[in-house]
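Survey of secondary and tertiary structure
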Amino acid sequence: MNGIEKITQRIETDTQAEIDRILGDARAEADDITDRYQAQANNEAAELTAKNQKAAAEREERLVSTAQMEARKVGLAAKQEMVEKAYDLALEKLCSMPDEQYVKTVADLLVQAAPNGRGAVIFAPEEKKRIGEAAVRAANAQLNGGKLTLSEETRPLKGGFILSDGKVEVNCSFDTLVRLQKTETAGEVAKRLFSEI
C-alpha cells in the first residue's frame, strides 16, 4: 500500500468514525426527543383521561340528582293527589249523611252563621226539597224564635247552604267549608296519611 492509499484509507476511517459519532449523537438526541414527547403525550393523555372521568362523574351525579328530584316530584304529586282524595271523600260523606243527621248539621251551621237569627237560606234545588224546611225550622228553634226563612232562590251548591241577609251572604256550602278546612288541616291530614312526613 502506498502513501496515498494509506492517507485515503485513514481519511475514510476517520470519516466513518465521524459519521458513526454524528449518527450516534443524532440517535441519542432523537431518542431523548422521542422520550420527552412520549412523556408529554402520556401526561396529556393522563390529564385528558382525568378530565373525562371527572366530567363523566359530574354528569352522572347531575343525572342521578335530576332523577332523584323527579322521583320526589312524582312522589309528592301522588301524595297531594291522595290528600285531595281524602278531602273529596270527606265532602262526599258530608253530602250523603242520613237526612236526620244532615238536618241537624245544617241547623247547627245556620245557628253559627246567623247569630242574630235573620236571613234567607238558599239551598241547592234537591237539598231545598229534601231538608230545606226542616233545617230552617230546627235552626229557628235553636235560636229561640229566630226569623230565618227558606229562600225561593236556589243555587248549584254541593251540600250546605248560603245565608243571605240583605246584601251580605255567608257561604256555608260544604264544598266551601271543606276547601277552607283544607288550607288549615292539609298538613295534619298528610301526616296521618303518610307517617314519614
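Preceding this section is the structure that the text describes.
Here goes a summary of the coordinates provided. All of these numbers come straight from a predicted model, not from anything done at the bench.

**Considerations on the packing of helix α1 (residues 3-95) against helix α4 (residues 174-193)**
Two elements in contact, α1 and α4, have axes whose closest approach is 9 Å; the angle formed by their N-to-C orientations is 135°. It follows that α1 is oblique to α4 by the angle criterion. In the crossing of α1 with α4, the sense of the turn from one axis to the other is right-handed. Across from Met 82, Val 83, Glu 84, Ala 86, Tyr 87, Leu 91, Leu 94 and Cys 95 in α1, the residues of α4 making contact are Phe 174, Asp 175, Val 178, Gln 181, Lys 182, Thr 185, Ala 186, Val 189, Ala 190 and Leu 193. Of the residues in the contact of α1 with α4, the class split is 13 nonpolar, 2 polar and 3 charged.

**Quick look at α4**
Taking 1.5 Å per residue as the helical rise, α4 with its 20 residues ought to reach 28 Å, whereas the 22 Å between its terminal C-alpha atoms falls clearly short. The sharpest bend along α4 comes to roughly 70°, located at Thr 185. Of all the residues in α4, the buried ones are Phe 174, Thr 176, Val 178 and Ala 190. Tucked into the core, α4 has its buried residues touching α1, α2 (99-113), β3 (160-165) and β4 (168-173).

**Some thoughts on the nonpolar core**
Val 106, Leu 148 and Phe 161 are the most contacted members of the largest nonpolar core, which has 28 residues in total. Taken together, the elements giving at least two residues each to this core come down to α1, α2, β1 (118-123), α3 (125-142), β3 and α4. Per-element accounting of this core gives the leading share, 7 residues, to α2. Once residues within four sequence positions are removed from consideration, Leu 148 is found in contact with Leu 110, Ala 114, Gly 117, Arg 118, Gly 119, Val 121, Val 136, Ala 139, Asn 140, Leu 143 and Leu 163.

**A word on α2**
Taking 1.5 Å per residue, 15 residues should reach 21 Å; α2 reaches 20 Å between its end C-alpha atoms and fits that length. Restricting attention to buried positions, one finds in α2 the residues Tyr 102, Val 103, Val 106, Ala 107, Leu 109, Leu 110 and Ala 113. All buried residues of α2 lie within an arc of 165° about the axis, which places them on one face of the element. Exposed residues pointing more than 90 degrees away from the buried face of α2 are listed as Glu 100, Lys 104 and Gln 112.

**Looking at unusual backbone geometry**
Phi is positive for Asn 144, which is not a glycine, with a value near 50°. Looking at the element boundaries, Asn 144 is found in the loop between α3 and β2 (147-154).

**Quick look at the packing of α2 against α3**
Look at α2 against α3: their axes get within 8 Å of each other, and the N-to-C directions meet at 50°. When the axes of α2 and α3 are compared, the pair comes out oblique. For the pair α2 and α3, the sense of crossing is right-handed. Only Glu 127, Arg 130, Ile 131, Ala 134, Ala 135, Val 136, Ala 138, Ala 139 and Gln 142 of α3 make contact with α2, whose side of the interface consists of Asp 99, Tyr 102, Val 103, Val 106, Ala 107, Asp 108, Leu 110 and Val 111. Here the contact of α2 with α3 is built from residues that sort into 12 nonpolar, 1 polar and 4 charged.

**Observations regarding the pattern of salt bridges**
Taken as a whole and assessed by the stated rule, the structure comprises 12 salt bridges. Residue Glu 152 is joined to Lys 128 by a salt bridge in which the shortest nitrogen-to-oxygen separation is 3.9 Å. Linking Glu 152 in strand β2 with Lys 128 in helix α3, this pair joins segments that are 24 residues apart in sequence. In this structure, Arg 155 engages Glu 169 in a salt bridge whose closest nitrogen and oxygen atoms are separated by 2.6 Å. Placement of the pair is Arg 155 in the loop between β2 and β3 and Glu 169 in strand β4, with a sequence separation of 14 residues. On the basis of relative accessible area, Arg 155 is assigned to the partly exposed category, the value being 22%. On the basis of relative accessible area, Glu 169 is assigned to the partly exposed category, the value being 43%. Taken together, the shared-partner salt bridges in this structure form one network comprising Glu 18, Arg 21 and Asp 25.

Cut-offs applied
Residues numbered from 1 in each chain as written. Predicted model: local features only at pLDDT ≥ 70, side-chain atom pairs only at ≥ 80, totals over all residues. Heavy atoms only, no water. Axes fitted to C-alpha atoms, helices over the stretch in contact; angles between N-to-C directions. Helix = DSSP H or I, 4+ residues; strand = E, 2+ residues; numbered from the N terminus. Parallel < 35°, antiparallel > 145°, perpendicular 65-115°, else oblique. Left-handed = near helix turned anticlockwise from the far one by under 90°. Contact = heavy atoms within 4.5 Å. Nonpolar A, V, L, I, M, F, W, Y, C, P; charged D, E, K, R; others polar. Expected span 1.5 Å × (residues − 1). Bend = angle between axes of the 7 residues up to and from the residue. Buried < 20%, exposed > 50% of the residue type's maximum accessible area, 1.4 Å probe, protein only. Core = buried A, V, L, I, M, F, W, Y, C linked by side-chain atoms within 4.5 Å. Arc of directions from axis to C-beta. Salt bridge = Lys/Arg side-chain N within 4 Å of Asp/Glu carboxyl O.

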